[in-house]
Amino acid sequence: MLQTFYPGEYLDSAYDIDYKALYGQGYRGIIFDIDNTLVPHGAPADKKARRLFERLKKLGYQCCLLSNNKEPRVRTFNQKIKAHYICNAKKPRVANYQKAMELMGTDTGSTFFVGDQIFTDVWGANLAGIRTFLVKPIDPKEEIQIILKRYPERLVLFFYKRYLRKKRKRG
């Protein structure tokens, strides 16, 4: 039951992912959440984010921002990185994950998702059949509705880590 919420991998940061290795494995599209995944909530695309997207484009990736935020927030962030984007995504609904792959010309086998929330980002990507990377939130300052979701997320992460330990013992 809880495995529906488990990420494929859990890392400290979106900036720690080995994108070059994943490209070598055949991945060509990346769907990103924005807030607390790439920058603190509400922040513009900073130098670090701009450099990441430049590097990803040079590697040959197509990228798409998938955000539950409204158009002005997503458009403003995207002005500096120039990726595809979908706002008001209603994550975890699967339809916009599929639309993102359509925009990038990729499919479930060549796309992965990077986000900081289990019950929107990871769950939706898992339902869409996309590989997932959960990253730790960049900034602890969050809106109340997100703070409230972090408590049950801790429970899911507890069982996820236990699942990984058991898997390694068997492995």
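Now for a description of the structure that goes with this document.

The rules behind each value
- Residues numbered from 1 in each chain as written.
- Predicted model: local features only at pLDDT ≥ 70, side-chain atom pairs only at ≥ 80, totals over all residues.
- Heavy atoms only, no water.
- Helix = DSSP H or I, 4+ residues; strand = E, 2+ residues; numbered from the N terminus.
- Rg over C-alpha atoms; globule rule 2.2 N^0.38 Å.
- Buried < 20%, exposed > 50% of the residue type's maximum accessible area, 1.4 Å probe, protein only.
- Contact = heavy atoms within 4.5 Å.
- Axes fitted to C-alpha atoms, helices over the stretch in contact; angles between N-to-C directions.
- Parallel < 35°, antiparallel > 145°, perpendicular 65-115°, else oblique.
- Nonpolar A, V, L, I, M, F, W, Y, C, P; charged D, E, K, R; others polar.
- Salt bridge = Lys/Arg side-chain N within 4 Å of Asp/Glu carboxyl O.
- Phe/Tyr/Trp six-rings, centres within 6.5 Å; stacked < 30°, edge-to-face > 60°.
- Lys NZ or Arg CZ within 6 Å of the ring centre and 35° of its normal.

Here we take up the overall build of the protein chain. Helices and strands together make up the secondary structure of the protein chain, namely six helices and six strands. Along the chain direction, N to C, the helices and strands of the protein chain fall in the order β-α-β-α-β-α-β-α-β-α-β-α. Taking 171 residues into account, the globule formula puts the C-alpha radius of gyration at 16 Å, and the protein chain, at 15 Å, falls close to it. Sorting the 171 residues of the protein chain into buried and exposed places 46% on the buried side.

For the rest of this paragraph, the subject is helix α5 (residues 118-128). For α5, the tally of buried residues reaches eight of 11 residues, placing the bulk of the element in the interior. When α5 is considered as a whole, its buried residues turn out to be I118, F119, T120, D121, V122, G124, A125 and A128. The elements touched by buried residues of α5 are α4 (95-104), β5 (111-115), β6 (131-135) and α6 (144-170). Downstream of α5 by a residue or two, G129 has a phi angle that is positive, lying close to 85°.

Two numbers describe how helix α2 (residues 47-59) lies on helix α3 (residues 71-81): the axes approach to 9 Å, and their chain directions differ by 60°. Of the possible angle classes, the one that applies to α2 and α3 is oblique. Side by side, α2 and α3 meet where A49, R50, F53 and K57 of the first sit next to F77, K80 and I81 of the second. Within the contact of α2 with α3, the residues separate by chemical class into four nonpolar, no polar and three charged.

On to the pattern of salt bridges, then. Under the defined criterion, the tally for this structure stands at six salt bridges. Linking E9 and R131 is a salt bridge whose minimum nitrogen-to-oxygen distance equals 2.5 Å. Of this pair, E9 sits in strand β1 (residues 9-11) while R131 is found in strand β6, placing the two residues 122 residues apart along the sequence. With a shortest N-O distance of 2.4 Å, D35 and R73 are connected by a salt bridge. Placement of D35 in the loop between β2 (29-32) and α2 and of R73 in helix α3 is noted, with a sequence separation of 38 residues between them. Judged by relative accessible area, which is 8%, D35 ranks as buried. A relative accessible area of 16% places R73 in the buried class. Among the ionic contacts, a cluster of salt bridges with common partners joins D33, K91 and D121.

Moving on, we get to the packing of aromatic side chains. Tallied over the full model, the rule gives 14 aromatic pairs. Pairing F32 with F53 gives two aromatic rings, centres 5.1 Å apart and planes at 55°, and the pair type is tilted. Of this pair, F32 sits in strand β2 while F53 sits in helix α2, placing them 21 residues apart in sequence. Neither F32 nor F53 differs from the other in exposure class; each is buried. An aromatic cluster is built from Y19, Y23, Y27, F32, F53, Y61, F112 and F133, whose rings are joined through pairwise contacts. It is R28 that lies over the ring of Y23; its NZ or CZ is 3.6 Å from the centre. Of note, K48 hangs over the ring of Y15, and the distance from its end group to the ring centre comes to 4.5 Å.

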